[in-house]
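# An overview of the molecular structure
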Amino acid sequence: MRNALITGWGKCLPPTLLTNHDLESIVDTDDEWITTRTGIKERRISHVPLSDLAALAGKRALAAAGVEPEDVDLVMVATCTPDTLMPSAAGMVQNKLGATSAGAFDQNAACSGFLYSLISASGMVASGVIDTALVIGADVLTHLLDFSDRSTAVLFGDGAGAVVVQATDEDAGIIASRMGSDGSVAEILWAEGSGSATGYKEVERNHQLAAISMNGPEVFKRAVKAMGDASSAVIEEAGWSVDDIDLLVPHQANVRIIDATARRLKLDSSKVFVNIASYGNTSAATIPIALTEALENGRVQPGSKLVFAAFGAGLSWAAVALKFGSRVTPISEIDEELPPTDATVLDLLADNFAYFGGGPRG
Ligand code: UT7
């Protein structure tokens, strides 16, 4: 039977760190609050456009799969922070990769976007519409942060992760999936003014319009319920018990959300992958980055039973039960890195501070 298998994986994190201590000098917060309330210690700020992060993650995933760019049929980029709304980030990535036979489009389900894309691409591959897809989750949400708003400024970071999905005869791939959304409470997590509904005059009058605003506690509650329920549904549909699960790879938004989701599933914390301390919430990129690190650290074995779960703006959520394939090591690796930068993190954020009004406190 034809299945869709993850055959390559890669990540790209920009090098410049924004630590909790850096944030103490920017907004009224402290390392202890951020660490205990979120689990985050540091995050990355990108010195390059989103499409560069996405393209390098994609190149690494293609090398791991041993796939040439010209053999890719589809490039899908899950993001809500493309370089431009038109054309798509995926089109730019297709060009940067030299994926000359590929179609390309973006998909926006915010932090749930990577799972929506993985489910879509796997469906296309399994049904024979395409043979090989490059699925990238990438975001530079720090571009939309008002660093004078401590309820959002400490949470997000920039990054990209990617997987290659290919047709296979192996008995592996997605066994069950769920996607959900509730647009009736969209305003509890949104970037108002970032799209076409905003009047030109409003943008002139109020420079704050595009910043992310969030009702954190409300999002928190709904995230735990939605990720827990969607995960339970895919575990049941896969015919697995909780003991069968080798690893939960959840969206990394808050370590307390991850812990509460695992408790809801009655899953031991040793079976949960957590790397939020290093990167914060990279939105659509958290799961492919986490999966790549789980593979690098030997936490995914041939045939491992994995559960992915995500939650984000929309509101949107998704979960996937997936049996990993027989190969868990990359076929090859590339040396390429992002171009180096001498800029400090404050240099990189200077334009953001000038626009939104945040910045180092006097
Ligand atoms: O990718 C999906 C999108 N996002 C999420 O999933 C985020 C979901 N929500 C959360 O992770 C949490 O709700 C937050 C981390 C955003 C906030 O944590 P919380 O425990 O829910 O805190 P809270 O909003 O209830 O605020 C508690 C207190 C408040 O002070 P008072 O009113 O009790 O005096 C806040 O003003 O903590 C204060 N506070 C802070 N203090 C220091 C809020 N943010 C900060 C901060 N530093 N950065």
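In this text, all values refer to a predicted model and were calculated from it rather than measured experimentally.

### Thoughts on helix 9 (residues 255–265)
Within the span of helix 9, buried status applies to Val255, Ile257, Ile258, Ala260, Thr261, Ala262 and Leu265. Buried-residue contacts for helix 9 involve helix 2 (31–38), helix 8 (216–237), strand 11 (247–250) and helix 10 (276–279). The N-terminus of helix 9 is capped by Asn254, whose side-chain oxygen sits 2.8 Å from the backbone nitrogen of Arg256. Positive phi appears at Lys266, one or two residues downstream of helix 9, with a value of about 60°.

### Here we look at the packing of helix 8 against helix 9
For any two helices packed against each other, the geometry is given by the interaxial angle and the distance between the axes. Look at helix 8 against helix 9: their axes get within 9 Å of each other, and the N-to-C directions meet at 40°. By the angle between their directions, the pair helix 8 and helix 9 is classed as oblique. The two elements helix 8 and helix 9 cross, and the hand of that crossing is right-handed. Residues Phe220, Ala223, Val224, Lys225, Met227, Gly228, Asp229, Ser231, Ser232 and Ile235 of helix 8 touch helix 9, and the partners they reach there are Arg256, Ile257, Ala260, Thr261, Arg264 and Leu265. Split by residue class, the contact of helix 8 with helix 9 holds 8 nonpolar, 4 polar and 4 charged.

### Examining the site of the ligand
Neighbouring the ligand are 22 residues; Thr29, Arg37, His251, Asn254 and Asn281 lie closest to it. Note that an oxygen atom of the ligand is positioned 3.3 Å from one of the side-chain N or O atoms of Trp33. Residue Pro217 places a main-chain N or O atom 3.4 Å away from an oxygen atom belonging to the ligand. Its free accessible area being 950 Å², the ligand has 72% of it covered by the protein chains. Mapped onto the shell around the ligand, the elements with two or more residues apiece are helix 2, helix 8 and helix 9. Considering every element that reaches the shell around the ligand, the biggest residue donor is helix 8, with 4 residues. Across the shell around the ligand, the residue classes break down as 12 nonpolar, 6 polar and 4 charged. No fewer than three residues from each of domain 1 (3–171) and domain 2 (175–323) sit in the shell around the ligand.

Basis of the calculations
What you see as residue numbers is a count from 1 along each chain, following the sequence as written. Thresholds applied to this predicted model are a pLDDT of at least 70 for local features of residues and 80 or more for the giving and counting of side-chain atom pairs; totals over whole chains, interfaces and linings are not thresholded and use all residues. Values reported for side chains reflect all heavy atoms of the structure, with hydrogen atoms and water molecules removed beforehand. Here the term buried applies to any residue with accessible area under 20% of the maximum for its type, exposed to any over 50%, and partly exposed to those in between, with areas from a 1.4 Å probe on protein chains only. Secondary structure is summarised from DSSP: a helix means a run of H or I of at least four residues, a strand means a run of E of at least two, and numbering begins at the N terminus for each. Any two residues whose heavy atoms approach within 4.5 Å at even a single point are treated as in contact. What qualifies as a polar contact is a pair of N or O atoms within 3.5 Å, subject to a donor-acceptor requirement within protein and to the restriction that residues adjacent in sequence count only when both atoms come from side chains. Every axis corresponds to a line fitted to the C-alpha atoms, with the helix fit spanning only the stretch in contact, and the corresponding angles, defined between N-to-C directions, vary from 0 to 180 degrees. The cut-offs work like this: below 35 degrees is roughly parallel, past 145 is roughly antiparallel, 65 to 115 is roughly perpendicular, and the gaps in between are oblique. Here is the rule for handedness: rotate from the far helix to the near one, and if that takes an anticlockwise turn smaller than a right angle the crossing is left-handed, while a clockwise turn gives right-handed. Polarity classes work like this: nonpolar for Ala, Val, Leu, Ile, Met, Phe, Trp, Tyr, Cys and Pro, charged for Asp, Glu, Lys and Arg, and polar for all others, with Gly in that last group. Here a residue is considered near a molecule or strand provided that any single heavy atom belonging to it is located within 4 Å of it. Only the protein chains shown count as covering a residue, and every accessible area follows the Shrake-Rupley method with a 1.4 Å probe. Segmentation into domains, and thus their bounds, comes from an automatic or database assignment.

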